[in-house]
Structure formats: C-alpha cells, structure tokens
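Reading the structure
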Amino acid sequence: QVQLVESGGDLVQPGGSLRLSCAASGSIFSIVAMGWYRQAPGKQRELVASISSGGNPNYAVAVKGRFTISRDNARNTLYLEMNSLNAEDTALYYCQMDVRRKDLVGTFRYWGQGTQVTVSS
C-alpha cells in the first residue's frame, strides 16, 4: 500500500504565506506526476498545480506567479509554496501522486487526506 500524508495547512492573514508538504510512503518504486488540488465549500475540486517526473511545473491561472510547486524525489515528497494569499485561496488542499509500485504492475493514483488552508483577517 501507499500512503500520502499532508501537512502545513493553517489560518493565515491575507497577504501571508504558507508551505504545504506531502510525504509518500509504502511500496514505492517511483513517482510519476504529482499535483496539488483544492476544494472550497460548495465548489468542485480544482487543480492548483502539477509537476512532472522531470520537474516541469504547471499552474492554474489563479495561482500563477504566487504559488510554487516542487518535489524531492529522494524523499518522495511534494511541496507547495504559497505567497500573497487571499480569501479566494481558502480551501481544503489535497496532494495527488501517480505511483509505480514495487509490488504491482502499473501506475496508481493516490490522494492525501487534505489539509485546510484558511485565509482570513
């Protein structure tokens, strides 16, 4: 099995910064794509940012220039640096990883449990 554990969510004032982390553990051979999603109350889950196995990032228009996604392949860890936060960034943030496992053939998608980011004064 594979588990993703997120951390870093918090209450922050507008204009503030946060850094989210997502660590994967278990029967991992390699991790292909990784991404961060978010879901605000009453809204659908949306992609915030993704990063390929080669380290190429992509960002949603709403966060481009403010958020930075990165990965540490040696630690099987994904990060999201968030700056200039505003109320519209308030949501439950989920990490996602496409994993090639040691014990099974194929690529499997896993999700973290979510970490809450609240931007409010």
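Every value quoted in this text rests on a predicted model; they were computed, and no experiment measured them.

1. Some remarks on the overall build of the chain
If you tally the helices and strands in the chain, you get 0 helices and 11 strands. Counting helices and strands in the order they occur from the N terminus, the chain gives β-β-β-β-β-β-β-β-β-β-β. Taken over the C-alpha atoms alone, the chain extends approximately 50 × 25 × 25 Å along its principal axes. When burial is assessed residue by residue, the chain has 42% of its 121 residues classed as buried. In the chain, once contacts between residues fewer than 6 apart in sequence are set aside, the share between residues at least 24 apart is 56%. Working note: accessible area of the chain is about 6400 Å², and carbon and sulfur atoms make up 49% of it.

2. Remarks on unusual backbone geometry
In the Ramachandran plot, Asn76 falls in the positive-phi region, its phi being about 50 degrees despite a non-glycine side chain. Mapped onto the fold, Asn76 is located in the loop between strand 7 (67-72) and strand 8 (77-82).

3. Re the nonpolar core
Soluble globular proteins: nonpolar side chains tend toward being buried together. Trp36, Leu78, Leu80, Met82, Tyr93 and Met97 are the most contacted members of the largest nonpolar core, which totals 30 residues. Elements that contribute at least two residues to this core include exactly strand 1 (2-7), strand 3 (18-26), strand 4 (28-39), strand 5 (46-51), strand 7, strand 8, strand 9 (91-101) and strand 11 (115-119). Aside from chain neighbours lying at most four places away, what touches Met82 is Gly16, Ser17, Leu18, Leu20, Arg66, Phe67, Tyr93 and Val117.

4. What about the environment of Pro14?
Tracing the sequence through the fold places Pro14 in the loop between strand 2 (11-12) and strand 3. Exposure remark for Pro14: the relative accessible area of 49% places this residue in the partly exposed category. Between the C-alpha atom of Pro14 and that of Gln3, which follows or precedes it by 11 residues, the distance is 32 Å. In this structure Pro14 touches Leu85, Val119, Ser120 and Ser121, once residues within four positions along its chain are discounted.

5. A word on the state of the cysteines
When the sulfur atoms of two cysteines share a covalent bond, that bond is a disulfide. Evaluated as defined, the whole model comprises 1 disulfide. Between the sulfur atoms of Cys22 and its disulfide mate Cys95 the distance is 2.0 Å. On the sign convention where negative is left-handed, the bridge of Cys22 and Cys95, at about 50 degrees about the S-S bond, is right-handed. Placement of Cys22 in strand 3 and of Cys95 in strand 9 is noted, with a sequence separation of 73 residues between them. The exposure class of Cys95 is buried, given its relative accessible area of 0%.

6. Topic: the environment of Ser121
On the secondary structure map, Ser121 appears in the segment after strand 11. Since its relative accessible area comes to 83%, Ser121 is described here as exposed. Here the alpha-carbon distance between Ser121 and Gly15, two residues 106 residues apart in the chain, equals 9.9 Å.

Conventions used here
Residues numbered from 1 in each chain as written. Predicted model: local features only at pLDDT ≥ 70, side-chain atom pairs only at ≥ 80, totals over all residues. Heavy atoms only, no water. Helix = DSSP H or I, 4+ residues; strand = E, 2+ residues; numbered from the N terminus. Buried < 20%, exposed > 50% of the residue type's maximum accessible area, 1.4 Å probe, protein only. Contact = heavy atoms within 4.5 Å. Areas by Shrake-Rupley, 256 points an atom, 1.4 Å probe, with all protein chains shown as cover. Core = buried A, V, L, I, M, F, W, Y, C linked by side-chain atoms within 4.5 Å. Disulfide = S-S within 2.5 Å.

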